[in-house]
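Residues per chain, in single letters:
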Amino acid sequence: MIQLVLATAFLLSHGGDSVRTIPVAPVSRVLAPLRIAALDQSLPQPILGPDKLQHFAMTYAITAFTYAAARSADVGPGDAVAAAAVTAAVAGIGKELLDHRRGGPFSMSDLVADALGGLAAYTLMKQVR
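Residues numbered from 1 in each chain as written. Predicted model: local features only at pLDDT ≥ 70, side-chain atom pairs only at ≥ 80, totals over all residues. Heavy atoms only, no water.

J.: Describe in detail the overall build of the chain, supporting the description with residues and values.
T.: Across its full length, the chain carries 7 helices and 0 strands. Per-residue burial for the chain yields a buried fraction of 24% across its 129 residues. (Helix = DSSP H or I, 4+ residues; strand = E, 2+ residues; numbered from the N terminus. Buried < 20%, exposed > 50% of the residue type's maximum accessible area, 1.4 Å probe, protein only.)

Printed below as a string of structure tokens:
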């Protein structure tokens, strides 16, 4: 499990140039018909980078701490997972809405990093008895 978290963190912390294995142009031509307006706004941002590691780490922490707090308050495991997932989702989406309100883009790639952080925390929570 720790290897998965470290590998994901490594990939998210390095710029796209250091982990790119295929040229971007052919991928862009293939995916161009599938783009939607919300995704087009986030494309100028790097897909991998330090910001994504921050999103991953914060969502991981929010998910893990919320789960631990809920379990400490005698909430059942299923309800604690739901509370952690909702809290992390609200924080991630709220951050993107705040960025958009301040004039920045609503970044779908940031939300993907958030989702990966939540998934990593959930995987760890499933291991804890």
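There is more to say after this.
J.: Just give me the short version of helix α6 (residues 77-101), but keep the residues and values in it.
T.: Along an α-helix, residues three or four positions apart point the same way, because every turn accommodates 3.6 residues. Taking 1.5 Å as the rise per residue, α6 with 25 residues should run 36 Å; its terminal C-alpha atoms sit 36 Å apart, in good agreement. Among all positions of α6, only A80, A84, A88, G92, E96 and D99 are buried. Buried positions along α6 lie against α5 (50-72) and α7 (108-127). Phi for G103, located one or two positions after α6, is positive at around 100°. (Expected span 1.5 Å × (residues − 1). Contact = heavy atoms within 4.5 Å.)

J.: Explain the packing of α6 against α7 to me, using residue names and the numbers behind them.
T.: It is the contact of α6 with α7, at a shortest axis distance of 10 Å, that shows an interaxial angle of 160°. Viewed along their axes, α6 and α7 adopt a mutual orientation that is roughly antiparallel. Considering the relative orientation of α6 and α7, their crossing is right-handed. Within the contact between the two elements, α6 uses V81, G92, I93 and E96 and α7 uses D110, L111, D114 and Y122. For the contact of α6 with α7, a count of residues per class yields 4 nonpolar, 1 polar and 3 charged. (Axes fitted to C-alpha atoms, helices over the stretch in contact; angles between N-to-C directions. Parallel < 35°, antiparallel > 145°, perpendicular 65-115°, else oblique. Left-handed = near helix turned anticlockwise from the far one by under 90°. Nonpolar A, V, L, I, M, F, W, Y, C, P; charged D, E, K, R; others polar.)

J.: Could you give an account of the packing of aromatic side chains, naming the residues involved and the relevant values?
T.: Across all of its chains, the model carries 1 aromatic pair by this definition. Summarising the aromatic geometry, the rings of F56 and Y60 are spaced 6.4 Å apart at their centres and angled 25° between planes, so their arrangement reads as stacked. Pair noted here: F56 and Y60 are both in helix α5, with a separation of 4 residues, about one helical turn. (Phe/Tyr/Trp six-rings, centres within 6.5 Å; stacked < 30°, edge-to-face > 60°.)

J.: Tell me what's going on with α7, and back it up with residues and numbers.
T.: Here α7 is 20 residues long and its end C-alpha atoms lie 29 Å apart, about the 28 Å a rise of 1.5 Å per residue gives. Within the sequence span of α7, burial applies to S109, D110, L111, A113, D114, G117, G118, A120, A121 and M125.

J.: An account of the pattern of salt bridges is needed here, citing residue identities and associated values.
T.: Applying the stated criterion across every chain yields a total of 3 salt bridges. We note a salt bridge from K52 to D51, for which the minimum N-O separation is 3.3 Å. Take D51: its relative accessible area is 33%, and that puts it in the partly exposed class. (Salt bridge = Lys/Arg side-chain N within 4 Å of Asp/Glu carboxyl O.)

J.: Report on a nonpolar patch on the surface, specifying residues and quantitative values.
T.: A cluster of nonpolar side chains, V112, L116, L119 and Y122, forms an exposed patch at the surface whose accessible area comes to about 340 Å². Mapping V112 onto the fold places it in helix α7. (Patch = residues over 30% accessible without salt bridge, like charges linked within 9 Å, V, L, I, M, F, W, Y side chains within 5 Å. Areas by Shrake-Rupley, 256 points an atom, 1.4 Å probe, with all protein chains shown as cover.)

J.: Explain the nonpolar core to me, and be specific about the residues and the numbers.
T.: Y67, A70, A80, A84 and M125 form the largest nonpolar core, which has 5 residues in total. When residues no more than four places from it in sequence are discounted, the contact partners of M125 are T63 and Y67. (Core = buried A, V, L, I, M, F, W, Y, C linked by side-chain atoms within 4.5 Å.)

J.: Could you give me a rundown of unusual backbone geometry, with the residues and numbers involved?
T.: You will see that D74, though not glycine, has its phi angle at about 60°, which is positive. By secondary structure assignment, the location of D74 is in the loop between α5 and α6. The class of D74 is exposed, set by a relative accessible area of 73%.

J.: Can you break down the side chain of D110 residue by residue, with the values?
T.: Considering the arrangement of structural elements, one finds D110 in helix α7. Polar contacts involving the side chain of D110 include one to the side chain of H55, which spans 3.2 Å. (Polar contact = N/O pair within 3.5 Å; in protein donor to acceptor, adjacent residues only side chain to side chain.)

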